[in-house]
Amino acid sequence: MPSARTPTLILLLAGLSLAFAPEGAHAQAPSCPENFTQLIHAPASLASPAVQEFKRAYADFDGISTRDNLAFIAQTLVPQRRAKPLVYFNGETAITKELNDHVFKDDKELVTAFMNFFKSELFARIQKDPVLAPRIRTRYHNFKQLRVGIEDTSLEIDERLAKAYAEAAQSFDRKIEELGLKERLLSAQGLAQDPLTWNLAGIGRSVDEADAAARHARVLGGHGLIPAQSFEQVKASLDEKLLRIETLRKRVHSALFRTRLLTPHRNGQTILAPWVIDALRKLELPPGSGPEDAITAIQKVVREKFHHAIDRDTAFALREYLAASDSFMPGLLVPERVILPIGRRGPEVVSVDFRGQNSRNIHETLAALAETARQGGDSRRALELGRAGEALATEALDARKKTFGTVIERLFGRRSGRNTFFSGDDGAHLPERPLSASEREKLVGTLARLTEPGDYRVVFVAKNSRTGAEIPAPERQNRIVAAESIEKKLRDRLSSRFGERVMARQMLASVLMPLDEGRVGYQLLLAGEEQPPALLEALRQELAKLAGAEGLEFSGIAKVAPRAL
């Protein structure tokens, strides 16, 4: 539901692999990070000539163009009438986050090469198949997925697609063996133990059916090749899951009735509020935690952030409700992967992160599931409603992007629009000259007036040091990440004290200023209305600690009044 259509699955967000563990054979407590460092027995193997050549050869995948992607997305969002229907196939790398964060955390380029190798092997086999190749009508790929639409829905097409996937997965497994990397997996957990299970596949009569079938393959777990799943194979299971989700929703609704943890949706249903979803999906549990610890953590976050006590049964229902709903999240649809050009020459970077989009995605999915239950509980209908909700959430994000771009152009001139870029729910503006303090305040104040202030996480960072030397792009990126980390922690801590809605009406913009001897100063721009008297002092106290922890020197808070454009 984010633009650039980047719905993020609950199971892959911010440490939720335990707090909202998936159902099925592969569900497990996450391993302690020390286990993953211990499994790296031979770091030098990543520097071997074979591995380096593999990374170079598969640094990119160019078998499918941006134009192909755009045509595929158009077909998905506005299905065209066809004399012959299409069968859709999705092959995807299922454990990208675990590979990046743990198994190969010292070489993310290698993980990218793995995904590109699998896509290359899979697409080559589909193109070489004498029955499939002439029937390809649409194709698509993103960072970790490859999709095709094949004209003809006969059983033979399903079987040939499943065969192409199985051969590609086996080729992938052999490549890991050839590169000498399998010993790094000895202590890995779940699907990561066996390369045959890293890539999964689904087949359906729509894009979302194929995606749901591929996602369902994860619950099969175990070792060895997991066959491609068709939607018709898994539909009965998904229909049963819908019944369970509705039972859990009713339990949650009954426990939280007449609280601000629930909010009415435009379809008439009452749904878990986006700000509650946001708080729950950010739960971080220490290594070695178990399911009971997750339930305790859910109780704590609801009590501290929303001032409402829930019993363990309700916390368990919340956990299960969100985990089960993940099966129906719409899949990723982006025309191309955009890298924000923050390394480009210029005096300053204005970074913007559109907050809360992932939670809005999940909120729309929950609304679609509640409406599906009202209509009779058919999983195919749930996917259709989920995709429609995704489109509406994307429209809302696009509107916020447009607002940001409009404010930039009105304040700094129409030409400045050419220097504004977006990627998913992130953006950047690259001014042609350094901004003055008053110009930064105008930008922040105008955004705060036109929109919900808390929807924007803005960071201003200089490109040059005090001596005029250019700060390397990776260091600038690190400074942006540090400032965003401060904002997230500030908002989290103060939401517990002043409430989510008060903080939603405040924009906490960061200004990073180069000081002498490589030091970096940090100033906060606070823009919003209805600020409690104690908020400013609480911000000062927290900022002094947080900025120091990030190696930044806190230089004060500037209050910015919302202003008309």
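As shown above, the structure is provided for reference.
The structure presented is a predicted model; accordingly, all values stated were derived computationally and were not measured.

S.K.: Any details on the pattern of salt bridges? Residues and values, ideally.
M.R.: Going through the model one piece at a time under the given rule, you end up with 49 salt bridges. Here Glu109 ties to Lys55 by a salt bridge, and the two come within 3.9 Å at their closest N and O atoms. Here the residue Glu109 occupies a position in helix α6 (residues 108–128), and Lys55 occupies one in helix α3 (residues 49–57), the gap between them amounting to 54 residues. Note that Glu92 and Arg218 form a salt bridge whose closest N and O atoms lie 3.1 Å from each other. Of this pair, Glu92 sits in strand β1 (residues 86–93) while Arg218 sits in the loop between α8 (207–216) and β5 (229–230), and the two are 126 residues apart along the sequence. In this pair, the class of Glu92 matches that of Arg218, namely buried. Overlapping salt bridges bring together Glu121, Arg125, Lys163 and Glu167 as one network.

S.K.: So what about the sheet that holds strand β9 (residues 420–423)? Which residues, and what values?
M.R.: By way of backbone hydrogen bonds, the strands of a sheet pair with one another, either parallel or antiparallel. Read across the sheet, seven strands follow the order β9-β10-β8-β11-β12-β13-β14 without closing on themselves; strand pairing throughout is mixed. Sheet topology places β9 and β14 (553–560) at the edges, where each strand pairs with a single neighbour. Each neighbouring strand pair of the sheet contributes to a mean axis angle of 20°, computed without reference to strand direction. Relative to strand β12 (residues 506–514), strand β11 (residues 456–462) is paired through three bridges, and the arrangement is parallel. Across the sheet, Val459 pairs through a bridge with Ser510, a residue of β12. Across the sheet, helix α14 (residues 379–412) lies against β8 (348–354), β9, β10 (426–429) and β11, angled at about 155° from β8, the strand it touches most. Along the sheet, helix α18 (residues 535–549) contacts β12, β13 (520–528) and β14; its crossing angle with β14, the most-contacted strand, is approximately 155°.

S.K.: Quick rundown of α3? Include the residues and the values.
M.R.: Turning to α3, its buried residues number three or more, namely Val51, Phe54 and Lys55. Seen end-on, α3 carries its buried residues on one side only, within an arc spanning 100°. For α3, exposure combined with an orientation more than 90 degrees from the buried face picks out Pro49 and Arg56. Contacts made by the buried residues of α3 are with α6 and α7 (155–178).

S.K.: Quick rundown of the packing of aromatic side chains? Include the residues and the values.
M.R.: Evaluation of the coordinates by the stated rule reveals 17 aromatic pairs. Between Phe104 and Trp198, the aromatic rings sit 6.4 Å apart at their centres with planes inclined by 75°, giving edge-to-face as the arrangement. Separated by 94 residues along the polypeptide, Phe104 in the loop between α5 (96–103) and α6 and Trp198 in the loop between α7 and β4 (199–204) bring together distant segments of the chain. Each of the two residues, Phe104 as well as Trp198, counts as buried. When the centroid spacing of 6.0 Å and the interplanar angle of 45° are considered together, the rings of Phe354 and Phe422 count as tilted.

S.K.: Could you give an account of the side chain of Glu92, naming the residues involved and the relevant values?
M.R.: In this structure Glu92 comes out as buried when scored by relative accessible area, which is 5%. A polar atom in the side chain of Glu92 sits 3.1 Å from the side chain of Asn90. With sequence-adjacent residues up to four places away left out, Glu92 is seen in contact with Phe118, Lys144, Gln145, Trp198, Asn199, Leu200, Ala214 and Arg218.

Rules of the game
Residues numbered from 1 in each chain as written. Predicted model: local features only at pLDDT ≥ 70, side-chain atom pairs only at ≥ 80, totals over all residues. Heavy atoms only, no water. Salt bridge = Lys/Arg side-chain N within 4 Å of Asp/Glu carboxyl O. Helix = DSSP H or I, 4+ residues; strand = E, 2+ residues; numbered from the N terminus. Buried < 20%, exposed > 50% of the residue type's maximum accessible area, 1.4 Å probe, protein only. Pairing = 2+ DSSP bridges. Axes fitted to C-alpha atoms, helices over the stretch in contact; angles between N-to-C directions. Contact = heavy atoms within 4.5 Å. Arc of directions from axis to C-beta. Phe/Tyr/Trp six-rings, centres within 6.5 Å; stacked < 30°, edge-to-face > 60°. Polar contact = N/O pair within 3.5 Å; in protein donor to acceptor, adjacent residues only side chain to side chain.

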